[in-house]
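What follows is each chain in one-letter form.
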Amino acid sequence: MDLKEIADGLAAQYNIEGLSVEDGEMALEIDGMPILLAEGEGAAIVMTGLVGDAPSEGGEAFANLLLEGTMGLMDTKAFALARNPETGAYALVARVPQENLTFDAFSETLADFVNLLEQWREALEDFRPIAAEARVFAEAQPDAKELERCGFMQV
């Protein structure tokens with residue numbers, strides 16, 4: 001299944017007019033989120049969705065949060081969180097192999113992608129650097145049971 005067939009399928013299923021593929025790319029907006037579908041190298045469709053710009057405070061903490069999130073995504077799906085080197089904006093990216101791809105399988109992957117993109121956009125919107133720093137601090141603290149075993153009481 002190629003990008004043109006995907007465009008035709010999306011247009012028919014969701015009654016979208018004017019959906020077209022130009023220069024191997026197709027732009028969509030789903031639930032107010034811009035998503036770009038492109039023909040990638042190695043017979044794959046690449047989905048890219050904008051998460052947003054780095055937060056004004058705690059940018060490093062948020063970047064670390066994204067890196068940790070990518071570890072789980074790559075284990076379960078071919079999704080990754082990335083930073084655009086030109087703009088500095090964060091994006092969710094997915095690579096969908098075209099071999100034996102059906103429209104139903106693509107639609108399911110797209111739905112998963114949109115749901116995850118929405119979650120990361122909300123995480124960025126709600127991001128508070130102090131909460132991320134508190135989590136790192138809490139993880140660095142010794143376990144209370146370990147302290148008790150050594151004869152110390154946590155206060």
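Residues numbered from 1 in each chain as written. Predicted model: local features only at pLDDT ≥ 70, side-chain atom pairs only at ≥ 80, totals over all residues. Heavy atoms only, no water.

Caption draft 1: The packing of aromatic side chains, seen in detail. Across all of its chains, the model carries 4 aromatic pairs by this definition. Geometrically, the ring pair formed by F62 and W120 is edge-to-face, given 6.5 Å between the ring centres and 80° between the ring planes. With F62 in helix α2 (residues 59-76) and W120 in helix α3 (residues 103-125), this pair connects stretches of sequence that are 58 residues apart. Both residues of the pair, F62 and W120, belong to the buried class. Considering the side-chain rings of F79 and F113, the 5.7 Å spacing of their centres and the 85° angle between planes classify their relative orientation as edge-to-face. Residue F79 is found in strand β4 (residues 79-83), and its partner F113 is found in helix α3; the two are separated by 34 residues along the sequence. F113 gets classed as buried once you look at its relative accessible area, which sits at 0%. The rings of F62, Y90, W120 and F127 are connected pair by pair, giving a single aromatic cluster. (Phe/Tyr/Trp six-rings, centres within 6.5 Å; stacked < 30°, edge-to-face > 60°. Helix = DSSP H or I, 4+ residues; strand = E, 2+ residues; numbered from the N terminus. Buried < 20%, exposed > 50% of the residue type's maximum accessible area, 1.4 Å probe, protein only.)

Caption draft 2: Highlighting the pairing of strand β2 (residues 33-40). As judged from the 6 bridges shared by strand β1 (residues 25-30) and β2, these two strands associate in the antiparallel manner. Residue pairing for β2: A27 is matched across the bridge by L36. Connecting the antiparallel pair β1 and β2 is a turn made up of 2 residues, with D31 showing a positive phi of about 50°. As paired strands, β2 and strand β3 (residues 44-52) are joined by 6 bridges and run antiparallel to one another. Bridge pairing in β3 links G40 to A44. (Pairing = 2+ DSSP bridges.)

Caption draft 3: Examining the nonpolar core more closely. One finds L10, L37, L92 and F106 to be the most contacted residues of the largest nonpolar core, which totals 33 residues. If one sorts the elements of this core by residue count, α3 sits on top with 9 residues. Among residues more than four places away in sequence, those in contact with L37 are L3, I6, L10, G24, E25, M26, L28, I45, V46, M47 and F106. (Core = buried A, V, L, I, M, F, W, Y, C linked by side-chain atoms within 4.5 Å. Contact = heavy atoms within 4.5 Å.)

Caption draft 4: Representation of unusual backbone geometry. Although it is not a glycine, N15 sits at a positive phi angle of roughly 55°. When you line up the elements, N15 lands in the loop between α1 (3-14) and β1.

Caption draft 5: Here's a closer look at the pattern of salt bridges. Throughout the structure, instances matching the rule amount to 1 salt bridge. For D8, the salt bridge is made with K4, and the minimal N-O distance between the two is 2.9 Å. In this pair, D8 and K4 both sit in helix α1, 4 residues apart, roughly one turn of the helix. The partly exposed category is assigned to D8, whose relative accessible area is 41%. (Salt bridge = Lys/Arg side-chain N within 4 Å of Asp/Glu carboxyl O.)

Caption draft 6: Structural context of the sheet that holds β3. Read from one edge to the other, the open sheet built from 5 strands follows the order β1-β2-β3-β5-β4, with strand pairing classed as antiparallel. Sheet topology places β1 and β4 at the edges, where each strand pairs with a single neighbour. The average angle at which neighbouring strand axes cross in this sheet is 25°, direction not considered. In the packing of α1 onto the sheet, the strands contacted are β1, β2 and β3, and the crossing angle to β1 comes to about 30°. (Axes fitted to C-alpha atoms, helices over the stretch in contact; angles between N-to-C directions.)

Caption draft 7: Seen up close, a negative patch on the surface. The grouping of D31, E118, E122, E125 and D126 at the surface amounts to a negative patch. In this fold, E118 is placed in helix α3. Take E118: its relative accessible area is 33%, and that puts it in the partly exposed class. (Patch = residues over 30% accessible without salt bridge, like charges linked within 9 Å, V, L, I, M, F, W, Y side chains within 5 Å. Areas by Shrake-Rupley, 256 points an atom, 1.4 Å probe, with all protein chains shown as cover. Lys, Arg positive; Asp, Glu negative; His and termini not counted. Charge placed at Lys NZ, Arg CZ, Asp CG, Glu CD.)

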